[in-house]
Amino acid sequence: MKRLLPTLSLLFGLVLIVPASAETRLKVVTSFSILADFVRQVGGDKVNVASLVGPDSDVHVYTPTPHDAKDVGAAQLLIVNGLGLEGWLPRLQQASGSKAPIVVATQGITPRKRGSDADPHAWQSVGNAKVYVKNIRDALVAADPADAEVFKANAERYLGELDALDREVRAEIDKIPVERRKVISTHDAFGYFADAYGVQFIAPLGVSTETEPSARDVAEIIRQVKKAGIPAVFLENFNDDRLVGRIAAETGAKIGGTLYSDALSEEKGPVPTYIAMVRHNIRALTSALVR
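Just so it is clear, the model here is predicted, and its values are computed rather than measured.

J.: I'd like to hear about the overall build of the protein, residue by residue, with values.
T.: Scanning the protein from N- to C-terminus turns up 10 helices and 10 strands. Counting the 291 residues in the protein, one finds 48% classified as buried. By sequence separation, contacts in the protein at least 24 residues apart represent 66% of the contacts at least 6 residues apart. Carbon and sulfur atoms make up 53% of the accessible area of the protein, which amounts to about 14,300 Å² in all.

This is the structure:
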């Protein structure tokens, strides 16, 4: 029995160490799921990440919960998109009493303009995604200098993967005849993608899903689809599909499937990561547009 005591003491010691180790991970809260994936890619097992707006959810119309206030209050770092995306965030931050540093992941990106408003969907360009990752890397290094080399190495690896992804997207776009590089999407979330890769997107909704198109807006979209010979219309993973269905029915345009714009899927879904999202979208586009 005496021989077992050192072994049991060692085992109990190990059990006690594990929670303490978990507690040392940096607590990061992000505003939505795409940012959470970027943080996981850079932070690895050195961070605990919570996303306020979860998979397949619309960040534009999100209503924070008391649990969100608790998460933000406990965060050591809060990472947001900026560019007007999270209009609900200041009230949440005030309610939480959080003193955590706020990092705007789009810092350094020149925003597209739609009227007087900035287009917040900058992550739709893979080149911009690299800026997000660098900002997140620098924020994690500043918040946890002891793990700086881990964050830098993870970021370097992931930036290389994004470079490869950008080349992949361009190669797929090259397969689409120039005159067919035009589609309808549910809301105007793909402007940065359009600018980077030369595909024209027309949206019945503006940059925010809080707006609803008027009958005149829809009639104008239908007229434009017919006139321009737009070959395909696409749904988004969190929007009502009736509007796009009506446009397709009245124009004869093909419903090309679902594009992911503002949210990833659940972990077991088709796009649990940013890279999976971009690949899904480009394959959907080429499938619908290549003759």
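J.: Let's hear about the sheet that holds strand S1 (residues 26-32): which residues, and what values?
T.: The strand order across the open sheet formed by 4 strands is S2-S1-S3-S4, and the pairing between neighbours is parallel. On the outer flanks of this sheet lie strand S2 (47-53) and strand S4 (102-104), each paired with one strand and no other. Averaged over neighbouring strand pairs, the angle between their axes works out to 25 degrees when direction is ignored. Summarising the sheet, S1 and strand S3 (residues 77-80) pair through 3 bridges and their orientation is parallel. Following the sheet pairing, Val28 is matched in S3 by Leu77. Docked against the sheet, helix H2 (residues 33-43) engages S1, S2 and S3, running at close to 150 degrees with respect to S1. Sheet strands touched by helix H5 (residues 126-143): S1, S2, S3 and S4. Its angle to S3, the strand with the most contacts, is close to 170 degrees.

J.: Explain the packing of aromatic side chains to me, and be specific about the residues and the numbers.
T.: Tallying each qualifying case throughout the model produces 8 aromatic pairs. Seen in terms of ring centroids, Phe193 and Phe201 are 6.0 Å apart; in terms of plane orientation they differ by 90 degrees. Their pairing is edge-to-face. For Phe201, a relative accessible area of 14% gives the class buried. One aromatic cluster in this structure is built from Phe38, Tyr132, Tyr158 and Tyr274. The aromatic ring of Tyr192 is capped on one face by Arg112, whose charged end is 5.8 Å from the ring centroid.

J.: Which residues make up the nonpolar core, and what values go with them?
T.: Generally speaking, soluble globular proteins have nonpolar side chains that are buried together. Counting 70 residues, the largest nonpolar core has Phe38, Leu162, Phe193 and Tyr274 as its most contacted members. Considering every element that reaches this core, the biggest residue donor is helix H10 (residues 274-289), with 9 residues. When residues no more than four places from it in sequence are discounted, the contact partners of Leu162 are Val126, Ala129, Lys130, Val133, Tyr274 and Ile275. Counting 11 residues, the second-largest nonpolar core is a separate cluster that includes Ile202, Val218, Ile222 and Ala253.

J.: Provide a residue-level description of the side chain of Thr106, including the pertinent values.
T.: Tracing the chain through its elements places Thr106 in the loop between S4 and strand S5 (113-114). Not counting the four nearest positions on each side in its chain, Thr106 is found in contact with Asn81, Gly82, Leu83, Ala122, Tyr132 and Asn135.

Parameters at a glance
- Residues numbered from 1 in each chain as written.
- Predicted model: local features only at pLDDT ≥ 70, side-chain atom pairs only at ≥ 80, totals over all residues.
- Heavy atoms only, no water.
- Helix = DSSP H or I, 4+ residues; strand = E, 2+ residues; numbered from the N terminus.
- Buried < 20%, exposed > 50% of the residue type's maximum accessible area, 1.4 Å probe, protein only.
- Contact = heavy atoms within 4.5 Å.
- Areas by Shrake-Rupley, 256 points an atom, 1.4 Å probe, with all protein chains shown as cover.
- Pairing = 2+ DSSP bridges.
- Axes fitted to C-alpha atoms, helices over the stretch in contact; angles between N-to-C directions.
- Phe/Tyr/Trp six-rings, centres within 6.5 Å; stacked < 30°, edge-to-face > 60°.
- Lys NZ or Arg CZ within 6 Å of the ring centre and 35° of its normal.
- Core = buried A, V, L, I, M, F, W, Y, C linked by side-chain atoms within 4.5 Å.

Bear in mind that shape data such as this cannot, by itself, settle questions of function.
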